[in-house]
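# Overview (structure and organization)
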Amino acid sequence: MGAGIAQVALEAGDAVRLFDIDADARVQGRARIADGLGRRAARLELDANSIDEWVDSRLTPLSLAEDLESAVEGADLVVEAALEDLAVKRELFARLDIV
């Protein structure tokens, strides 16, 4: 779900910082976003080069944050998309309150 939220924000032209405690999950999230953008671009009936350019331009403002602090630093909005586990969400929001 987090990748879809990030994709919509990127399509709207917003800068997005993606964070997960698992580095592999961050990389996989970026790949899911790129795939989703590619599917979206294909529905726009663009040629192959234009699809690549469209996707690349939407991915440019996406960065992967290595820690929560850098992910939220200076952010106007923080969107939480953690596992549906109340303990995980409580811990995350407690950390966000400190930052």
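Treat the numbers as computed from the prediction; the structure is a model and nothing was measured.

We now examine the environment of Thr60. Locating Thr60 in the fold gives a position in the loop between α3 (48–59) and β2 (62–65). C-alpha of Thr60 to C-alpha of Leu10: the two residues are 50 residues apart in sequence and 8.8 Å apart in space.

Attention now goes to unusual backbone geometry. Leaving glycine out, the prevailing phi sign among residues is negative, and the prevailing peptide bond configuration is trans. Unusually for a residue other than glycine, Glu45 sits at a positive phi of about 60 degrees. Relative to the elements of secondary structure, Glu45 occurs in the loop between α2 (23–43) and α3.

Turning our eyes to something else, we now look at the nonpolar core. Counting residues in hydrophobic clusters, the biggest one holds 13 residues, and the most contacted among them are Ile33, Leu37, Val55, Leu59 and Leu62. Ranked by residue count, the leading element in this core is α3, at four residues. Excluding residues within four positions of it along the chain, Leu37 makes contact with Gln7, Glu11, Trp54, Val55, Arg58 and Leu59. Formed by six residues, the second largest nonpolar core is a distinct cluster that contains Ala65, Leu68, Ala71 and Leu96.

Thresholds applied
- Residues numbered from 1 in each chain as written.
- Predicted model: local features only at pLDDT ≥ 70, side-chain atom pairs only at ≥ 80, totals over all residues.
- Heavy atoms only, no water.
- Helix = DSSP H or I, 4+ residues; strand = E, 2+ residues; numbered from the N terminus.
- Core = buried A, V, L, I, M, F, W, Y, C linked by side-chain atoms within 4.5 Å.
- Buried < 20%, exposed > 50% of the residue type's maximum accessible area, 1.4 Å probe, protein only.
- Contact = heavy atoms within 4.5 Å.

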